[in-house]
Amino acid sequence: MWSAFRLAGRAVALWWREFALLIFLNIAWLALQIPVVTGPPATATMYVVARRVAHGELVSLRQTWLDLRRMFLPAWKWGAINAVVAAAAVGNFWFYQNAVGWVWTALRLAWGTIALGWFAVNLFYWPFWLAQETRTLRTTLRNAILLLMKEPGFALTLVLISVTLIIAGILVTLPLAALMMAWLALIGTLAVEEALPPHDEDDAIVIELIQ
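The text that follows walks through the structure, step by step, so that each part is easy to find. (Residues numbered from 1 in each chain as written. Predicted model: local features only at pLDDT ≥ 70, side-chain atom pairs only at ≥ 80, totals over all residues. Heavy atoms only, no water.)

1. A few points about unusual backbone geometry
- Of note in this structure, V36 is not a glycine but carries a positive phi near 70 degrees.
- Relative to the helices and strands, V36 is located in the loop between α2 (19-33) and α3 (39-54).
- For V36, a relative accessible area of 52% puts it in the exposed group. (Helix = DSSP H or I, 4+ residues; strand = E, 2+ residues; numbered from the N terminus. Buried < 20%, exposed > 50% of the residue type's maximum accessible area, 1.4 Å probe, protein only.)

2. Regarding the packing of aromatic side chains
- For the structure shown, the criterion picks out eight aromatic pairs.
- The interplanar angle of 50 degrees and the centroid separation of 6.2 Å between the aromatic rings of W15 and F19 together place this pair among those described as tilted.
- Looking at F19, the relative accessible area reads 36%, which means it is partly exposed.
- Here the aromatic cluster, defined as three or more aromatic residues joined through ring pairs, consists of W78, W118, Y125, W126 and W129. (Phe/Tyr/Trp six-rings, centres within 6.5 Å; stacked < 30°, edge-to-face > 60°.)

3. Quick notes on the packing of helix α1 (residues 2-17) against helix α8 (residues 152-172)
- Between α1 and α8, the least distance of the axes is 8 Å, while the angle of their chain directions is 45 degrees. Taken together, the axes of α1 and α8 lie oblique to each other. The handedness of the crossing between α1 and α8 comes out as right-handed. Seen from α1, the contacting residues are S3, A4, F5, L7 and A8; seen from α8, they are F154, T157, L158 and I161. (Axes fitted to C-alpha atoms, helices over the stretch in contact; angles between N-to-C directions. Parallel < 35°, antiparallel > 145°, perpendicular 65-115°, else oblique. Left-handed = near helix turned anticlockwise from the far one by under 90°. Contact = heavy atoms within 4.5 Å.)

4. Digging into α2
- Along its 15 residues, α2 runs 21 Å from first to last C-alpha, staying within 8% of the 21 Å computed at 1.5 Å per residue.
- Taken as a whole, α2 has its buried residues at L21, L22, L25, N26 and W29. Projected onto a plane normal to the axis of α2, the buried residues spread over an arc of 130 degrees and lie on a single side. (Expected span 1.5 Å × (residues − 1). Arc of directions from axis to C-beta.)

5. A short note on the side chain of T64
- Among the structural elements, T64 can be located in helix α4 (residues 61-70).
- We classify T64 as buried; its relative accessible area is 10%.
- Residues in contact with T64, not counting those within four places in the same chain, are L25, T45, V49 and V59.

6. Some points on helix α6 (residues 102-131)
- With 30 residues, α6 should reach 44 Å at 1.5 Å per residue; the first-to-last C-alpha distance of 44 Å fits that figure.
- At F124, α6 shows its largest kink, close to 35 degrees, and the proline P127 lies no more than four residues downstream. (Bend = angle between axes of the 7 residues up to and from the residue.)

7. Brief notes about the pattern of salt bridges
- If you walk through the whole model with that rule in mind, you get five salt bridges.
- Here R10 makes a salt bridge to E194, at a shortest N to O gap of 3.6 Å. Remark: E194 occurs in helix α10 (residues 180-195) and R10 occurs in helix α1; sequence separation between them is 184 residues.
- The class for R10 is partly exposed, based on a relative accessible area of 39%.
- Since its relative accessible area comes to 39%, E194 is described here as partly exposed.
- For R51, the salt bridge goes to E193, with nearest N and O atoms at 2.9 Å. A residue pair is termed long-range when its members are at least 10 positions apart, and R51 in helix α3 and E193 in helix α10 qualify at 142 residues. (Salt bridge = Lys/Arg side-chain N within 4 Å of Asp/Glu carboxyl O.)

8. Topic: the nonpolar core
- Membership of the largest hydrophobic core comes to 59 residues, with the highest contact counts inside it found for F124, W126, L158, L186 and I187.
- Secondary structure elements with two or more residues in this core: α1, α2, α3, α5 (72-95), α6, α7 (137-150), α8 and α10.
- Top element by residues in this core is α10. It accounts for twelve residues.
- With near-sequence residues (within four places) excluded, W126 lies in contact with A44, Y47, M71, P74, A75 and W78. (Core = buried A, V, L, I, M, F, W, Y, C linked by side-chain atoms within 4.5 Å.)

Next comes the structure, spelled out in structure tokens:
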């Protein structure tokens, strides 16, 4: 648990090092959610930026624009799956919101747990995808799930920290626009970087690590 808080602190420290650029990119990310079609690529690009920051690499607006274009198709492959999962979760809660009884209460708890788990998968998906040599959806999804299984306490604590950030951002608005996505991307990136062995570009090593 405490390692998760320490990692979140590192994410804040990295954010502070590039705070002006990351605030600008976070606001751009929020604006790109409005057209919908640019939403998933913008989210994937924030993870690319977070990875560059975590590795101490130069981050430029020109390179970020090129990353946005490069990530468009991979992001929408993952975005389409997310849309289906989100529709199923929201639909279940909406259509059966008036249902009563312990069975329905148990089902709502199950749906909520699945939704939280899927959020965790999303937190780690892009960091794994970027670290792998073979960047396939199946391998990345498998790695994210295996990380959750291997370090459930660590992952759950990071998820709760991330959910708290999202709730605070929605309630206060300003953190949502200026901070939230950059922090989430840094948290997910650092978590995966910490789980990977030194040769983190080798896809076979990534899979072996978390089995």
